[in-house]
Amino acid sequence: MLIDQARIHVFSGPGGEGCVSFRREKFVPKGGPDGGDGGCGGSVFLEVNAHVRTLLDCREQPRYRAARGGHGSGNRRSGKDGRDLVVRVPPGTVVRDAETGEVLADLVHPGEQFAAGKGGRGGRGNAHFATSTHQAPRHAEPGGPGEERWLELELKLIADVGFVGLPNAGKSTLLSRVSKARPRIAPYPFTTLEPHLGIVALDEERQFVAADLPGLIAGAHEGKGLGHQFLRHIERTRVLLFMVEAGAEDPAHDLEVLEREVSLHGPALLEKPRCVVVTKGDLLPPEDHAAACARLGLPDARLISAQSGEGLAPLLEDLWGLIARSLEAEGTAPADEDEGEDE
Ligand SMILES: Nc1nc2c(ncn2[C@@H]2O[C@H](COP(=O)(O)OP(=O)(O)O)[C@@H](O)[C@H]2O)c(=O)[nH]1
Ligand SMILES: [Mg+2]
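Student: Help me get a handle on the sheet that holds strand S11 (residues 196–201), residues and values and all.
Tutor: Reading across the sheet, the six strands line up as S11-S12-S9-S13-S14-S15 and stay open at both edges, with mixed pairing between neighbours. Each edge of the sheet is formed by a strand with only one pairing partner; in this case those strands are S11 and strand S15 (302–303). By the bridge criterion, two bridges tie strand S14 (residues 274–279) to S15 in an arrangement that is parallel. Following the sheet pairing, Val 277 is matched in S15 by Arg 302. Against the sheet, helix H5 (residues 251–265) engages strand S9 (161–165), strand S13 (239–245) and S14, with an angle of about 140° to S13.

Right, here's the structure in full:
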């Protein structure tokens, strides 16, 4: 199982103060109390958004503070309510109280909300406190306090892209070059394969999870089966990125080797959308990318260099395009509900 986590600190807004004020008008020497109420403080909500795919934003920006309520003023004017703050989280986010570990919410469906902190109520102004015996109250209420708490968010991730390459192809280097965060990996029983994971963020809206799958190839060499759970995970990986080295004796042959070994795990894996890259392009003499790939017998491949950064941005765009298409197709397909809890 791949797990993304974030700890966030939420603060709802305190309510605004009630106002102490008296009517002042020409020819009305002793106006009554007219202090308005404070506005309510803003609340903090977590809300499921289908476009958010990881907890990256919450990790990078873990503090969420909603606005305070405005203070009341004279002439019975109420203070403005503080604006609520909506924190977007991906579908499947489990919310825990960070101190007790208690599960507070399991957010699944787009639009679903969890009230993480309720704004304080606004204090009442002195206009509220006039009575027949006490016509000029000089007091008003303070606003109610806001709430503050730490929450622990957790999300089970599926790798969107799996990197497949022979040892030394440059998988780990590429992953470290393009990813912004490292989610945790829970152990998969019965497998020697330890994936390395990274979250790739093209921008706020376009994020995906990439996994470097070293043992996918090594395991096949040793004739070991992958753990059932892990295989199931790989099967749900949307896109495979095949990586061969520019400096290899015969890159086209390397690709055939990779395909053969991947298919040993499951022929269906080869039907996944894919990209092929020739890595370490910086080691080639400078020439046109397409020409270089054609010369190496891989006319459909892209040339990249994790070292110089060349070709990486268009590669990520390509990968995202394939992922987005797969997500779209899934959106119209029946929901996949038989995952079980053991993944
Ligand atoms: N010149 C060059 N070397 C690279 C590049 N990417 C990786 N390497 C080197 O190739 C070796 C293997 O890389 P690594 O990422 O560990 O490969 P992996 O076994 O597929 O994970 C390391 O010495 C890297 O420094 C690249 O773009 N250009
Ligand atoms: Mg490696």
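Back to the text.
Student: Could you give an account of the pairing of S14, naming the residues involved and the relevant values?
Tutor: The element S14 is largely enclosed, with a buried count of five among its six residues. Where the polypeptide runs from S13 across H5 and back to S14, its parallel neighbour, the crossover connection is right-handed.

Student: Any chance you could break down the site of ligand 1 for me, citing the residues and the numbers?
Tutor: Inspection of the region around ligand 1 gives 14 residues, with Asn 168, Lys 171, Ser 172, Thr 173 and Asp 282 positioned closest. Separating an oxygen atom of ligand 1 from a side-chain N or O atom of Thr 173 is a distance of 2.5 Å. Lys 280 has a polar side-chain atom sitting 2.9 Å from an oxygen atom of ligand 1. Residues that form the shell around ligand 1 fall into these classes: five nonpolar, six polar and three charged.

Student: Account for helix H2 (residues 171–178), naming residues and giving values.
Tutor: Helical geometry: 3.6 residues make up each α-helical turn, so side chains three or four residues apart lie on a common side. Within the sequence span of H2, burial applies to Lys 171, Leu 174, Leu 175 and Val 178. Projected down its long axis, H2 carries its buried residues within an arc of 100°, all on one side.

Student: An account of the sheet that holds strand S4 (residues 85–89) is needed here, citing residue identities and associated values.
Tutor: Taking strand neighbours across the sheet as the criterion, the three strands line up as S4-S2-S7 in an open arrangement whose pairing is mixed. Taken across any chain shown, the strands that pair with only one partner, and hence form the sheet edges, are S4 and strand S7 (113–117). Geometrically, the sheet is characterised by an average inter-axis angle of 30° between neighbouring strands, direction not taken into account. The pairing of strand S2 (residues 44–48) with S4 spans five bridges and is parallel. Residue pairing for S4: Leu 46 is matched across the bridge by Val 87.

Student: Before we move on, can you summarise the nonpolar core with the specific residues and values?
Tutor: In terms of nonpolar packing, the biggest core is built from 54 residues, with Leu 46, Leu 151, Leu 153 and Val 278 touching the most fellow members. Taken domain by domain, the makeup of this core includes at least three residues from each of domain 1 (2–155) and domain 2 (158–332). In this structure, Ala 169, Leu 241, Met 243 and Val 277 belong to the second largest nonpolar core, which totals 22 residues.

Student: Explain the pattern of salt bridges to me, and be specific about the residues and the numbers.
Tutor: Tallying each qualifying case throughout the model produces 13 salt bridges. One salt bridge in this structure joins Lys 180 and Glu 60, with 3.3 Å as the shortest N-O distance. Highlighted residues: Lys 180 in the loop between H2 and strand S10 (184–185) and Glu 60 in helix H1 (residues 56–60), separated in sequence by 120 residues. On the basis of relative accessibility, which here comes to 48%, the residue Lys 180 falls in the partly exposed class. Residue classification places Glu 60 among the partly exposed residues on the basis of a relative accessible area of 46%. A salt bridge links Arg 124 to Glu 141; the nearest nitrogen and oxygen atoms lie 3.0 Å apart. With Arg 124 in the loop between S7 and strand S8 (148–157) and Glu 141 in the loop between S7 and S8, this residue pair connects regions lying 17 residues apart in the sequence. You can call Arg 124 partly exposed: its relative accessible area is 32%.

Reading the values: rules and limits
- Residues numbered from 1 in each chain as written.
- Chains lettered and ligands numbered in written order.
- Predicted model: local features only at pLDDT ≥ 70, side-chain atom pairs only at ≥ 80, totals over all residues.
- Heavy atoms only, no water.
- Pairing = 2+ DSSP bridges.
- Helix = DSSP H or I, 4+ residues; strand = E, 2+ residues; numbered from the N terminus.
- Contact = heavy atoms within 4.5 Å.
- Axes fitted to C-alpha atoms, helices over the stretch in contact; angles between N-to-C directions.
- Buried < 20%, exposed > 50% of the residue type's maximum accessible area, 1.4 Å probe, protein only.
- Right-handed = clockwise from strand over helix to strand, strands pointing away.
- Near = heavy atom within 4 Å.
- Polar contact = N/O pair within 3.5 Å; in protein donor to acceptor, adjacent residues only side chain to side chain.
- Nonpolar A, V, L, I, M, F, W, Y, C, P; charged D, E, K, R; others polar.
- Arc of directions from axis to C-beta.
- Core = buried A, V, L, I, M, F, W, Y, C linked by side-chain atoms within 4.5 Å.
- Domains from an automatic or database assignment.
- Salt bridge = Lys/Arg side-chain N within 4 Å of Asp/Glu carboxyl O.

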